[in-house]
Amino acid sequence: MAAGRHESAAGRHELAGGRPEMAAGQPETAAGRHEMAGGRPERAGGLPSVSGAQPRSRPGPGSLRLVWVYPDLLSTYGDRGNLLILERRARLRGLDIEAVMVNADQPVPRQGDIYLMGGGEDLPQILAARRLRADGGLAAAARGGAVIFAVCAGYQLLGMEFGGDDGQPLPGLEILNISSGRGQRRGVGEILADVAPSLGVPRLTGFENHQGVTRLGEGVAPLARVVTGVGNGDGTEGAFAGRVVGTYLHGPVLVRNPGLADLLLNWAAGPLPPLQTGEEEWTLRLREQRLAAVSAGPG
Ligand code: GLN
């Protein structure tokens with residue numbers, strides 16, 4: 001599988017070695033130095049960055065570093081497809097992709113361009129929160145202006161607090177000003193939601209399965225308005241602030257919603273040309289099928 005191919009020790013080393021504080025005196029490959037040291041300071045995308053974000057230092061305009069955070073704890077309902085589809089859509093645009101998977105016993109590199117987190121059961125979610133808080137890498141990347149895209153448990157983790165296995169409030173990563181708790185009922189099933197017009201992304205289709213409900217605080221906007229389904233629990237779905245985006249949608253959501261995938265790529269790499277019709281065929285078929293399934297009702 002594509003991400004597996006890139007999950008070499010060398011790949012991990014290149015990203016970790018790129019941390020400024022680790023660069024001096026580290027045994028580092030020539031390729032690693034080249035990947036991390038080159039490049040001009042640049043803030044790609046033209047969209048508002050997270051407040052206080054620094055310009056990103058990227059290895060070059062034609063390359064992108066994707067980081068799949070804690071697949072060993074957070075990856076339900078095929079969320080890994082989000083990584084695979086970003087890789088594919090970026091490569092079709094000629095971008096050079098470095099994709100790394102970072103398990104919960106590894107440090108989260110700080111120099112990625114796009115970070116992805118998936119959903120998870122309650123206990124893995126609690127463990128992931130503890131480890132990510134102790135590691136600090138994801139929060140540092142967010143402060144540095146990286147794109148972060150998180151699903152369900154990953155989305156809740158980005159917030160100030162989330163509901164533990166008994167509903168007890170547990171501290172989140174404080175990257176996004178949202179708070180989650182446990183609702184009365186699980187939200188399970190297909191979901192449709194209309195995206196905030198400022199993002200220019202068509203209606204979202206996805207699958208949700210969560211007990212969490214989420215309140216948005218100041219400085220955070222809903223990603224979408226629910227048409228069918230539960231989402232945050234108050235008629236809104238997901239949240240975003242700058243380049244940090246969270247959603248309850250699985251599907252995998254970036255496969256079902258190529259417009260959302262391209263939004264993330266545009267934020268990280270700058271404007272990209274549309275794909276050729278033939279290259280979109282299977283994505284569009286899946287999307288149409290899922291949209292039609294909900295409109296037609298449970299049947
Ligand atoms: N455990 C969380 C909840 O039930 C997240 C579930 C998930 O990621 N699918 O709300």
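Draft legend 1. Local environment of the overall build of the protein. Scanning the protein for helices and strands turns up 11 helices and 14 strands. The long-range share in the protein, meaning contacts at least 24 apart out of those at least 6 apart in sequence, stands at 70%.

Draft legend 2. Quick peek at the nonpolar core. The biggest cluster of nonpolar side chains holds 72 residues, and the ones touching the most others in it are V69, I114, Y115, I148, L157 and L264. Sort the elements by how many residues they give to this core and helix α10 (residues 258-269) lands first, with 8 residues. If we ignore the near neighbours within four places in the chain, the residues touching I114 are L64, L66, L86, A146, V147, F149, L264 and A268.

Draft legend 3. Inspection of the environment of Y70 at higher detail. Its location among the elements puts Y70 in the loop between β3 (63-69) and α5 (81-92). When the C-alpha positions of Y70 and G118 are compared, they lie 8.4 Å apart, and in sequence the two are 48 residues distant. Those residues in contact with Y70 that lie beyond four places of it in its chain are V102, N103, A104, M117 and A128.

Draft legend 4. The arrangement of the site of the ligand in detail. The ligand sits among T76, G119, G120, E121, D122, Q125, C152, A153, N209, H210, Q211 and G212. When residues of the shell around the ligand are traced back to their parent elements, those giving at least two are α6 (122-135) and β10 (204-216). A total of 4 residues in the shell around the ligand trace back to one element, the largest contributor, which is β10. Looking at the shell around the ligand, its residues break down into 2 nonpolar, 8 polar and 2 charged.

Draft legend 5. Layout of the sheet that holds strand β13 (residues 239-241). Read from one edge to the other, the open sheet built from 6 strands follows the order β4-β3-β5-β6-β14-β13, with strand pairing classed as mixed. Looking at strand neighbours, the two that pair on one side only are β4 (96-102) and β13, the edges of this open sheet. Averaged over all pairs of adjacent strands, the angle between their axes in this sheet comes to 15°, without regard to strand direction. Taken together, the 4 bridges between strand β6 (residues 147-151) and strand β14 (residues 244-247) define a ladder with parallel strand orientation. For I148, the partnering residue across the bridge sits in β14 and is V244. Across the sheet, α10 is in contact with β3, β5 (114-117) and β6; its angle to β6 comes to roughly 155°.

Draft legend 6. How the structure looks around the environment of S75. Looking at the secondary structure, you find S75 in the loop between β3 and α5. Here S75 falls in the buried class, since 27 other C-beta atoms lie within 10 Å of it. Sequence spacing of S75 and G118 is 43 residues, and the spatial spacing of their C-alpha atoms is 4.6 Å.

Draft legend 7. Spotlight on the packing of α5 against α10. The N-to-C vectors of α5 and α10 enclose an angle of 70°; their axes lie 10 Å apart at closest approach. With respect to their mutual orientation, α5 and α10 come out roughly perpendicular. Considering only the axes of α5 and α10, their crossing is right-handed. Counting all contacts with α5, which are made through I85, L86, R89 and A90, the residues of α10 involved are P258, A261, D262, L264 and L265. Across the contact of α5 with α10, the residue classes tally to 7 nonpolar, no polar and 2 charged.

Draft legend 8. Representation of unusual backbone geometry within the structure. Residues G251 and P252 are joined by a peptide bond in cis, for which omega reads -10°. With respect to the helices and strands, P252 occurs in the loop between β14 and α9 (253-256). Located in the positive-phi region is C152, a residue other than glycine, with phi close to 55°. Its location among the elements puts C152 in the loop between β6 and α8 (153-157). For C152, a count of 28 C-beta atoms within 10 Å puts it in the buried group. The phi torsion at E174 lies on the positive side, around 60°, for a residue other than glycine. You can see E174 is positioned in the loop between β8 (169-171) and β9 (178-195). You can call E174 partly exposed: it has 14 C-beta atoms within 10 Å.

The rules behind these values
- Residues numbered from 1 in each chain as written.
- Predicted model: local features only at pLDDT ≥ 70, side-chain atom pairs only at ≥ 80, totals over all residues.
- Helix = DSSP H or I, 4+ residues; strand = E, 2+ residues; numbered from the N terminus.
- Contact = placed C-beta atoms within 7 Å.
- Core = buried A, V, L, I, M, F, W, Y, C linked by C-beta atoms within 7 Å.
- Buried ≥ 20, exposed ≤ 12 C-beta atoms within 10 Å, placed from the backbone.
- Near = placed C-beta within 6 Å.
- Nonpolar A, V, L, I, M, F, W, Y, C, P; charged D, E, K, R; others polar.
- Pairing = 2+ DSSP bridges.
- Axes fitted to C-alpha atoms, helices over the stretch in contact; angles between N-to-C directions.
- Parallel < 35°, antiparallel > 145°, perpendicular 65-115°, else oblique.
- Left-handed = near helix turned anticlockwise from the far one by under 90°.

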